[in-house]
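# Chains, contacts and geometry: an overview
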Amino acid sequence: MNQIASPGQLRLAYLRWALVTVPAILFLGFLSGKLANSGYGNRWFAALAKPELMPPGWVFGAAWTLLYILMALAFAMVLHARGARGRGVAIALFLIQFALNLIWSPLFFRAHQVGDALALILVLTVLIAVTTALFRRIRRAAGWLLLPYLLWLAFATYLNYEVDRLNPDAETLVVPALRTQI
């Protein structure tokens, strides 16, 4: 018996990581969006001119749910890869980019800082590209799991750029409060 752990034991150890990372990342992503009042229900956002390629609101909820699950599974793979070369740097970069990801929604939707959000998402896209490459070196599947996120960020960067271009006054746009007649 030369094995330290059986394949079943290794799968169970990965599953334990995934049972922590998936709910945690989903919850934090949901919380960031909720606190930022993100999406089409936001009156400021609804008042902005949107690019032609802007998807309907439900696409964002579905896409981010799937992306957060894929990110969490990739992160669990790297956390599980004890002793892997470059693991510490990969974990640190993942946590940094995830923190930036969580900051983007409040910056854009709550603070209305479209230009600053664009700068942030550009940095975020570069960080996730590097993180994807590092994850791929540790576990090839982890790199593949981050690829949809990288592609979505590229698309989201385009959308952020177009919103900024189409709405030069976005940061100062004030939407009148809802009025109720009794």
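A few points on the structure. Quick caveat: nothing in here was measured; it's all calculated off a predicted structure. Each chain has its residues counted from 1, following the order in which its sequence is written. Two thresholds apply to this predicted model, a pLDDT of at least 70 for residue-level local features and 80 or more for giving and counting side-chain atom pairs, whereas whole-chain, interface and lining totals are computed over all residues. Here the side-chain values reflect all heavy atoms present in the structure, with hydrogen atoms and water set aside.

## Side note on the packing of aromatic side chains
Here a ring pair, both rings aromatic, is described through the centre-centre distance and the interplanar angle of the planes. The following threshold applies: Centres within 6.5 Å are what make two rings of Phe, Tyr or Trp a pair, Trp counting through its six-membered ring; a difference in plane orientation under 30 degrees is then read as stacked, over 60 as edge-to-face, and the rest as tilted. Strands here are runs of E lasting at least two residues and helices are runs of H or I lasting at least four, both read from the DSSP assignment and numbered beginning at the N terminus. To sort residues, take the accessible area from a 1.4 Å probe on protein chains only and compare it with the maximum for the residue type: under 20% means buried, over 50% means exposed, and anything in between is partly exposed. Note on geometry: a ring has a charge over it if NZ (lysine) or CZ (arginine) is within 6 Å of the ring centre and within 35 degrees of the ring normal.
Counting across every chain of the model gives 16 aromatic pairs. Relative to Tyr149, the ring of Trp64 has its centre 6.0 Å away and its plane inclined at 70 degrees; by these criteria the two rings are edge-to-face. Of this pair, Trp64 sits in helix α3 (residues 57–80) while Tyr149 sits in helix α6 (residues 140–166), placing them 85 residues apart in sequence. For Tyr149, a relative accessible area of 1% corresponds to the buried category. Chaining the aromatic ring pairs together yields one cluster made of Trp64, Tyr68, Phe75, Phe94, Phe98, Phe135 and Tyr149. The cationic tip of Lys50 hangs over the ring face of Phe45; the distance from NZ or CZ to the ring centre is 4.5 Å.

## Points about the layout of surface pockets
To keep it simple, the criterion reads: Both cavities and pockets are sets of points on a 1 Å grid over the protein atoms alone; in a cavity a 1.4 Å probe fits but cannot get out, in a pocket the set is open with protein on both sides within 12 Å along at least five of seven lines, and lining residues sit with an atom within 4 Å of a point. Grid points are joined across faces, edges and corners, and a volume is the space filled by probe spheres set on the points. Note on residue categories: nonpolar means Ala, Val, Leu, Ile, Met, Phe, Trp, Tyr, Cys or Pro, charged means Asp, Glu, Lys or Arg, and polar means any other residue, Gly included.
Of the volumes computed, that of the largest pocket is approximately 750 Å³. Residue lining of the largest pocket: 30 residues in total, with Ser38, Phe60, Trp64, Ser105 and Phe109 positioned closest to the centre. Contributions of two or more residues to the lining of the largest pocket are made by α1 (7–36), α3, α4 (87–110), α5 (114–138) and α6. Considered class by class, the residues forming the lining of the largest pocket number 18 nonpolar, eleven polar and one charged.

## Quick notes on the packing of α3 against α4
For clarity, the threshold we go by: The axes are straight lines fitted to the C-alpha atoms, using for helices just the contacting stretch, and the angles between their N-to-C directions are given from 0 to 180°. Here the word oblique covers every angle except those under 35 degrees (roughly parallel), over 145 (roughly antiparallel) and from 65 to 115 (roughly perpendicular). Note on convention: near helix rotated counterclockwise from far helix by under a right angle means a left-handed crossing. Clockwise means right-handed. Two residues form a contact once any of their heavy atoms are found within 4.5 Å.
Taken N-terminus to C-terminus, the directions of α3 and α4 make an angle of 160 degrees; their axes are 10 Å apart at the nearest point. By the angle class used here, α3 and α4 are roughly antiparallel. At the point where α3 passes α4, the crossing takes the left-handed sense. Facing Trp64, Tyr68, Met71, Phe75, Val78 and Leu79 of α3, the residues of α4 in contact are Arg87, Ala90, Ile91, Phe94, Leu95, Gln97, Phe98, Asn101 and Leu102. Of the residues belonging to the contact of α3 with α4, the class tally is twelve nonpolar, two polar and one charged.

## Brief notes about the pattern of salt bridges
In plain terms, the rule: Any Lys or Arg side-chain nitrogen found within 4 Å of a carboxyl oxygen on Asp or Glu counts as a salt bridge.
In total, this model carries one salt bridge according to the counting rule given. Across the salt bridge formed by Arg165 and Glu162, the nearest N and O atoms sit 2.6 Å from each other. Here Glu162 and Arg165 lie together in helix α6, a separation of three residues that amounts to about one turn. Assessed through its relative accessible area of 47%, Arg165 is described here as partly exposed.

## Overview of unusual backbone geometry
Of note in this structure, Asn37 is not a glycine but carries a positive phi near 55 degrees. Along the chain, Asn37 turns up in the loop between α1 and α2 (43–47). The phi dihedral of His112 is positive, around 60 degrees, even though this residue is not glycine. If you trace the backbone, His112 turns up in the loop between α4 and α5.

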